[in-house]
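Analysis of the macromolecular model
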There are 2 protein chains.
Amino acid sequence: MRQVEIGFLGFGNIGEGVWRLLEEMRGETARREGISFEVRRVLVRDVHRQRGVEVPQGVLTDRPEDVLDDPDVQIVMEFMGGEQPAADYIERALLAGKSVVTANKMALSTHWARLNAAAQRGGAGLYFEASVCGAIPVIRAMTDSLQANRVERLMGIINGTTNYILTRMTREGSRFEDVLQDAQRLGLAEPDPTADVEGYDAAYKLSILASLAFYTHVPVESVYREGITRVSPIDIACGQEMGLTLKLLAVAKRNGDAVEARVHPTFVPSTHPLANVSDAFNAVFLRGHACGELMFYGRGAGDMPTASALVSDLIKAAGAQRHALPAFFDAADGVHIEEDWSSVYFIRTRATDKPGVLAHVAGCMAGHGVGIASMVQKGAPDADGRVQIVFVTHRAHEQAVMSALEEVNRSGRTRVESVIRVEGVE
Amino acid sequence: MRQVEIGFLGFGNIGEGVWRLLEEMRGETARREGISFEVRRVLVRDVHRQRGVEVPQGVLTDRPEDVLDDPDVQIVMEFMGGEQPAADYIERALLAGKSVVTANKMALSTHWARLNAAAQRGGAGLYFEASVCGAIPVIRAMTDSLQANRVERLMGIINGTTNYILTRMTREGSRFEDVLQDAQRLGLAEPDPTADVEGYDAAYKLSILASLAFYTHVPVESVYREGITRVSPIDIACGQEMGLTLKLLAVAKRNGDAVEARVHPTFVPSTHPLANVSDAFNAVFLRGHACGELMFYGRGAGDMPTASALVSDLIKAAGAQRHALPAFFDAADGVHIEEDWSSVYFIRTRATDKPGVLAHVAGCMAGHGVGIASMVQKGAPDADGRVQIVFVTHRAHEQAVMSALEEVNRSGRTRVESVIRVEGVE
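Read on for an overview of the structure. (Residues numbered from 1 in each chain as written. Chains lettered and ligands numbered in written order. Predicted model: local features only at pLDDT ≥ 70, side-chain atom pairs only at ≥ 80, totals over all residues. Heavy atoms only, no water.)

1. As for the relation of the copies chain A and chain B
Once chain A is rotated about the relating axis by 180° and shifted along it by 0.0 Å, it coincides with chain B to within an RMSD of 0.0 Å. The superposition operator between the copies reduces to a two-fold rotation axis. When each C-alpha of chain A is compared by its distance to the rotation axis, Phe296(A) comes out closest, at 2.4 Å. Both copies contact each other with a shared surface, as 100% of the interface residues of chain A are interface residues in chain B too. (Least-squares fit on C-alpha atoms with pLDDT ≥ 70 in both. Contact = heavy atoms within 4.5 Å.)

So this is what it looks like as structure tokens:
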């Protein structure tokens, strides 16, 4: 039996989940892996606070060096969250030759190059399955199962809070603000929900996923980002009638040397596997040139699902003879970030008279080379006699569509109320 | 650059797919893994047959020893299929210290103990991601991502041919025989479809999956098996009206020391993630005590999806410092195969008069402790005045239900026309 000493950085819900899981699986881990894990030190803010698990005397500490500089700590598990000081601590551990297991998407996607260099310098491993989609082994899929593939595209529901909100808005026809309040009451959304509802959380995760999928660094700043705060029940309902379901999608595509990465509200056909991913569940759908379509589905958050990924990484780190770092950079790299991507567009307008708006919108679009695939009028004219008309375009370039819509708005008689990209339709 | 010499056993569609994929990915494999694979010898039945890829002179051979006894062949890839002689060849290669990458579910599930022993004796690795669900990395998920979980249940659509047939029967209301003929014309079913439609293929795969999931050997002979040849469009339609979708499901559960494993037509709620897995796609859904629900979805067959898994295994085998064999057996094992499992049952009967059949069926069921959850009459009485009545039970034990139904049939006035298990409803 090999004893492996570990240190924790942070001890919130996730850290306690890992503690519990290590205890529960102690017998199995010994029998199957021949390893006994001992948590030597745990860095906390307040050593006197009551904890949900029983921790022996002398394990809790509020001094980072007790974990980072202890020569007996072989593996460091980080679940403090946030960019700093987590990133600095991770780097220090790696440089000291301690492998690090982390769930920290922000530290990773922001400081990848530095952390990667530190791991190589220290001869240590950096494991981060838990940083994206909780229990779903999507990092391992990229690094260990799809090596013989050129991944062409990837679409994911990688934020549980927004998926919960959109699922309820779709089922109930309710407004964003109302469901958000409910989600906050239920603990499914933070008191300050910005990171989730504005798509920041998903953008960090997409930066990691796309970098692994395309073997090239896709920095988080290059991810186009649009949240769900302006999504209206009217759009969701219009989409449903047209066989489309609204999701906050993280989309990344590689076409030759051009890579695009974006997070925004997106319609997918209601028959698409992603359309049926409901509530707080996550899923990543991808297509590789050899494997074809794959989807991974599961619980993207929560203490035990996240602990499942963290302990799996811990076992991997403890058993590795040599730490293989995922190749975020491809030696023969020449890729650039594509900002003028192409998509299909759902456009909802409101205008004073129908024959006029049709001619006007069609004209503006045609002027920018954007074709219209279908058009429907929604409901009866409102009190002011204005009608609502929804257009769906053929595949077109983002910039052409945006220029065309500016022109539509300029007339004053027709107002563009929403523009939602449609994926999964080609 | 490290050169790794490999040998092929078999060279059908899958073998040619692997050859093509190795060629396509040559540059990436060199850059990312630092490995150059050379196919040294390929065992075929007929060295003169025209091939779909260009093979240099002297590579093809019809003598197995040219692959198995060549000291320069480091890794053997097997895609002959069938139990023998494949199992013997795999064993010989392993004993000679050559790692083996195989897609052969039959050889593996039938000869696991022998092959495992040979790998250990030879210090070689045995890799078989491609043996279950083609490109879907479900083996890797079990061995490399779920180590910190007690898997409680697993339900899979793991045969593409039968899923294609059931999907079309559901969509079109057509009969099994008609869709089967179509599938055969399209090359989606074999001229002799027995292995697929009678559930043998799925039983082999379930034996492997359940063994890995539960860390205990679940022999293929212990898998209860029932095919789809007697599935009728009437049952599918009745189920649909009740919000149920019919699938050929591979089900395995572990409850303490009791393990059950079975392959049979099964209703799942139409809202269940598995219900939307259509056509020839495969999916494995599972629940672990820490990870919660997970699903893996993708292409379970085809030359390139299978090659994707095989080449991934090849890269893993070539890079391994030490070959970790999946622990099929848990040291502290005490499990037994449960044959009297519990389920919910859909029962379709035909009887001469409705009030009579209700009392009769309810009475027989109650006598065996089986509760009825709902009952509906389907359609109008037929020409002979018989009505069709569908019952759905509460969760009950298989043997109790079967005994009750024997009693129902014994009366002569009520005939049980189908019994279909319902899963995913608790």
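2. Quick word on the state of the cysteines
Within this structure, the stated rule accounts for zero disulfides over all chains. Cys133(B) takes part in no disulfide bond, and the closest cysteine sulfur to it belongs to Cys291(A), at a distance of 14 Å. (Disulfide = S-S within 2.5 Å.)

3. Overview of the packing of aromatic side chains
Aromatic ring pairs: the centre-centre distance and the angle between the two ring planes describe each pair. This structure, assessed with the given rule, holds 17 aromatic pairs over all chains. When the centroid spacing of 5.9 Å and the interplanar angle of 70° are considered together, the rings of Phe11(B) and Trp19(B) count as edge-to-face. When its relative accessible area of 4% is taken as the criterion, Phe11(B) is described as buried. Geometrically, the ring pair formed by Trp112(B) and Phe128(B) is edge-to-face, given 5.6 Å between the ring centres and 70° between the ring planes. Of this pair, Trp112(B) sits in helix 5 (residues 105-122) while Phe128(B) sits in the loop between strand 6 (126-127) and helix 6 (138-145), and the two are 16 residues apart along the sequence. Pairwise contacts between aromatic rings join Phe8(A), Phe11(A), Trp19(A) and Phe79(A) into one cluster. (Phe/Tyr/Trp six-rings, centres within 6.5 Å; stacked < 30°, edge-to-face > 60°. Buried < 20%, exposed > 50% of the residue type's maximum accessible area, 1.4 Å probe, protein only. Helix = DSSP H or I, 4+ residues; strand = E, 2+ residues; numbered from the N terminus.)

4. Quick word on empty space enclosed by the protein
In the structure shown here, the tally under the stated rule is seven cavities of 30 Å³ or more. Taken together, Pro273(A), Asn276(A), Val277(A), Met295(A), Tyr297(A), Pro273(B), Asn276(B), Val277(B), Met295(B) and Tyr297(B) make up the full set of residues lining the largest cavity. Of all the secondary-structure elements, those providing two or more residues to the lining of the largest cavity are strand 12 (292-299) of chain A together with strand 12 (292-299) of chain B. For the lining of the largest cavity, a count of residues per class yields eight nonpolar, two polar and no charged. Of the pockets and cavities examined, the second largest cavity occupies roughly 60 Å³. Of all elements in the fold, only helix 6 (138-145) of chain A together with helix 6 of chain B reach the threshold of two or more residues within the lining of the second largest cavity. Here the lining of the second largest cavity is composed, by residue class, of six nonpolar, two polar and two charged. (1 Å grid on protein atoms, 1.4 Å probe; cavity = no way out; pocket = protein on both sides within 12 Å on 5 of 7 lines; lining within 4 Å. Points joined across faces, edges and corners; volume = space filled by probe spheres on them. Nonpolar A, V, L, I, M, F, W, Y, C, P; charged D, E, K, R; others polar.)

5. Some thoughts on the sheet that holds strand 6 (residues 126-127) of chain A
The strand order across the open sheet built from six strands is 3-2-1-4-5-6 (chain A), with neighbouring strands paired in parallel fashion. Here the strands that pair on one side only, and so sit at the sheet edges, are strand 3 (60-61) and strand 6 of chain A. (Pairing = 2+ DSSP bridges.)

6. Concerning the pattern of salt bridges
Enumeration over the complete set of coordinates arrives at 82 salt bridges over all chains. Between Glu28(A) and Arg150(B) there is a salt bridge; the shortest N-O distance is 2.6 Å. Of this pair, Glu28(A) sits in helix 2 (residues 26-33) while Arg150(B) sits in the loop between helix 6 and strand 7 (151-157), on two different chains. Residue class for Glu28(A) comes out buried when judged on its relative accessible area of 11%. Among the salt bridges present, the one from Asp70(A) reaches Arg40(A), with a minimum N-O distance of 2.8 Å. (Salt bridge = Lys/Arg side-chain N within 4 Å of Asp/Glu carboxyl O.)

7. A word on the interface of chain A and chain B
How big an interface is tends to be expressed through the accessible area that disappears when the partners come together. Listed by partner, the interface residues are 46 residues for chain A and 46 residues for chain B. Summing both partners gives a buried area of about 4,200 Å² for chain A against chain B, and 52% of it is carried by carbon and sulfur. The largest share of the area that chain A buries against chain B comes from Arg32(A), Gln147(A) and Tyr297(A), three residues that together contribute 14% of it. Between chain A and chain B we count six salt bridges in total. The partner of Lys316(B) in a salt bridge is Asp144(A), with the nearest N and O atoms 3.1 Å apart. One can count 21 residue pairs in polar contact (both at pLDDT 80 or more) joining chain A with chain B. Listing elements by their share of the side of chain A that touches chain B, those giving two or more residues are helix 1 (13-24), helix 2, helix 6, strand 11 (281-288), strand 12 and helix 12 (303-319) of chain A. Of the residues assigned to the side of chain A that touches chain B, the class counts are 22 nonpolar, 11 polar and 13 charged. Taken together, the five bridges between strand 12 of chain A and strand 12 of chain B define a ladder with antiparallel strand orientation. (Buried area = accessible area lost by both parts, 1.4 Å probe. Polar contact = N/O pair within 3.5 Å; in protein donor to acceptor, adjacent residues only side chain to side chain.)

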